[in-house]
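What the coordinates show
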Amino acid sequence: MEKNLYETKKEISNQRGRIYLASLFFMFGGFYFVNVFIMHISVSIILINLFLSILSFAIGTLFYNRILIKENKYLEVRKYDEEAIVYLHRLSDKYIKRTFNSLAVIFVVIFGLFINNVSMVLGGRIRYREIWMSFASIFVVLEIPVFLHIKEALCSRLIQARIDIPDHATVIKHLKIYWLGSAIYWLSNYTFIIIFQRKVRSLIVVYIILTVIYFTLAIIYNNTLRKQITYENLVINIPRILLYACMFIIIILGLYMQKDTWLTLDYITKTPKVVHTEDKITYEDKTGVYTITAKEDDFKILQLTDIHLGGSLYSYKEDMMALKAVYEEIEYTRPDLVIVTGDLTFPVGVMSMSFNNTAPVSQFAQFMRNMGIPWAFTYGNHDTENIATGSKSDLNSLYKSLSFYTSETLLYPYSQPPITGRNNQLIELRNADGSLNQALFLIDSNAYTGDGLNEYDYIHDDQVLWYKSQIERLNDMEGHNVSSLVFFHIPLQEYKTAYELYEAGSSEVKYYFGENNEKVKGKVCCSDYPSDLFDTMVELGSTKATFCGHDHYNNACIEYKGIKLTYGMSIDYLAMPGIKYDVDQRGGTLITIHKDSSFDIEQVPLSLIEKNKDRK
């Protein structure tokens, strides 16, 4: 008696469910077995992984044996009607195709693992122990294609047991050839990359090219040799191929944009030390306050802002331009201290082709260490984007690892006040006789409120109270109203008020220099939420000037209610569309503080430095 289509579908469906379960446990068994050799954290962890591996394989074997028992029953009657045979032929072609495709994906993922990790070991960037640990994490990515490969292979064998042509031995032969060819292809390419690694500019680009070639060869095989083990030759599904190609590109780009890239490292390591006055710097662990004791009567601070390092292959040219601009500014002004007022990095995905905000930080810290210039910073809204690989906590830990005890240049506090913000700090600048010259406040203007798209945050009340308490503490300690300067990223609302008064010709403000050419309405991109900081500064009478960034085309200095509201000249070559071709806004702001606490502020345009170099 022949089995009809309905009976055949029901029979295959019942067996397929058991195959899914067997494949799942076999996959878990392999995963835990690999962890036995990788997770050398403790003997107990090794034993747990070994137990789970044996248990998973045992359960998978039970399901597989159940499949065999049912097969013997189902195959007592091997005859199928014509509709059922056509159905089985179609299933055989489908499972064979999926078996080979899943094997191809496994090879691509494994090769990506080697490219990402072993090459870094050869470059001296991570240790072999970290390689083993990364195998454990990457095997999670391998779980899906491994599961699919086992499942499709078992399903293929299930169908081939019911039909005579193509026979199982021929399929196994093709599978072995496919496996061997893939292994030779990837191993030979990997060997080539290892040999010529120093000449390879971007491993991710090489990986994409090799993957495209590999899949092209797979398509050629599918259109030629695979017809020996299928009933119908491959039917090309263009929309599906395009969909898979887009998914592959998106996944590869996503992984690439999270990757550490060190393309600027060669330039950074060759950066020479800049001759400058080496002042005495001390740090108080309990308060988190750095004290700089100036050797000379004049102390120079160079404010840099919105450097926007992308840290990717895409942004390499702009990153190099930004670093060279920073070096030119520092070498020309020879400051005693550099303060970066936010947006050192730019991890915003497609705009910089990077989500990574940790690699640029490490690179810039090394860059400054090589020049030997002390520096501090405030966070900007882009430094800890939600889509960035490094969180606020990650960056805090990274900066601490790069700070003063390690580098002797980065003045990042190891302990910070328990208030809103990612980094609020006080740096005391003292004269040679120990008297306080200036209190330098670096206050986090925070990033976004979360109430809407790009709704900028502000300096909160607890931050203002901290500022006030520090001024009052210093006043009591010094016996007079101390002088202070305040640095942050996003401008206060009073920047907008002062500029509107200036445009209206009001006598309430005094213009010093610069222009506000930002294209946004009102030309000042401040938060919609008011901060009490400005009114508190006016009330205390300590702070004589504030310095911010954020608006890349704004660099005006306007005095309002006795406080010079100053925009720093930006460095940005990347974030604003077309900004790398503009020159008037680019540079630094030099603050020269005199012994009597008075100070001068002047712009140092990059174009002026380049012009002076040409004259020489």
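The next subject is the overall build of the protein. Within the protein, the secondary structure is distributed over 16 helices and 14 strands. Taken over 616 residues, the protein has a buried fraction of 52%. Taking contacts inside the protein between residues at least 6 apart in sequence as the whole, the part at least 24 apart equals 76%. Carbon together with sulfur atoms contributes 60% to the accessible area of the protein, which is approximately 29200 Å² in total.

This brings us to the sheet that holds strand β8 (residues 484–487). Taken together, the 9 strands give an open sheet; going across it, the order is β1-β2-β6-β7-β8-β10-β12-β11-β9, and neighbouring strands pair in mixed fashion. The sheet is open, and its two borders are formed by β1 (280–284) and β9 (509–513), each paired with just one other strand. Averaged over all adjacent pairs, the angle separating strand axes in this sheet is 20 degrees, with direction ignored. For β1 and strand β2 (residues 289–293), the ladder comprises 5 bridges, and the chain directions are antiparallel. Opposite isoleucine 281, over in β2, you have isoleucine 292 as the bridge partner. In this fold helix α15 (residues 533–540) packs onto β8, β10 (543–548), β11 (557–560) and β12 (563–567), with an angle of close to 140 degrees to the strand it touches most, β12.

So, on to the confidence of the model for the protein. On average, the protein scores 87 in pLDDT, and the residues at 70 or more come to 88%. Contacts for the low-pLDDT stretch residues 119–130, under 50 throughout, to residues beyond four places or in other chains number 19 contacts.

The biggest cluster of nonpolar side chains holds 37 residues, and the ones touching the most others in it are Phe364, Trp375 and Tyr399. Elements with a contribution of two residues or more to this core: β3 (299–304), α9 (316–333), β4 (337–341), α10 (359–371), β5 (375–378), α11 (392–402) and α16 (606–615). Those residues in contact with tryptophan 375 that lie beyond four places of it in its chain are Leu337, Val338, Val340, Leu344, Phe364, Ala365, Met368, Tyr399, Thr409, Leu410 and Leu411. Judged by nonpolar contacts, the second largest core, of 35 residues, contains Tyr467, Leu474, Val482 and Met537.

A few words now on α11. Count 3.6 residues to each turn of an α-helix, and residues three or four apart come out pointing the same way. Along α11, the residues that are buried comprise Leu395, Leu398, Tyr399 and Leu402. When α11 is viewed along its axis, its buried side chains cluster within an angular range of 95 degrees and face the same direction. Close packing links the buried residues of α11 with α10, β5 and α12 (404–407).

Burial within strand β7 (residues 436–442) is extensive, with 7 of its 7 residues counted as buried. Taken together, the 6 bridges between strand β6 (residues 425–430) and β7 define a ladder with antiparallel strand orientation. Within β7, the position partnered with arginine 430 by the bridge is leucine 436. The antiparallel pairing of β6 with β7 creates a hairpin that spans 5 residues between the two strands, and glycine 434 there sits at a positive phi of about 95 degrees. Bridge count for β7 against β8 is 4 bridges, and the pairing is parallel. Its bridge partner lying in β8, phenylalanine 441 is registered against valine 486.

The rules we used
Residues numbered from 1 in each chain as written. Predicted model: local features only at pLDDT ≥ 70, side-chain atom pairs only at ≥ 80, totals over all residues. Heavy atoms only, no water. Helix = DSSP H or I, 4+ residues; strand = E, 2+ residues; numbered from the N terminus. Buried < 20%, exposed > 50% of the residue type's maximum accessible area, 1.4 Å probe, protein only. Contact = heavy atoms within 4.5 Å. Areas by Shrake-Rupley, 256 points an atom, 1.4 Å probe, with all protein chains shown as cover. Pairing = 2+ DSSP bridges. Axes fitted to C-alpha atoms, helices over the stretch in contact; angles between N-to-C directions. pLDDT = per-residue confidence, 0-100. Core = buried A, V, L, I, M, F, W, Y, C linked by side-chain atoms within 4.5 Å. Arc of directions from axis to C-beta.

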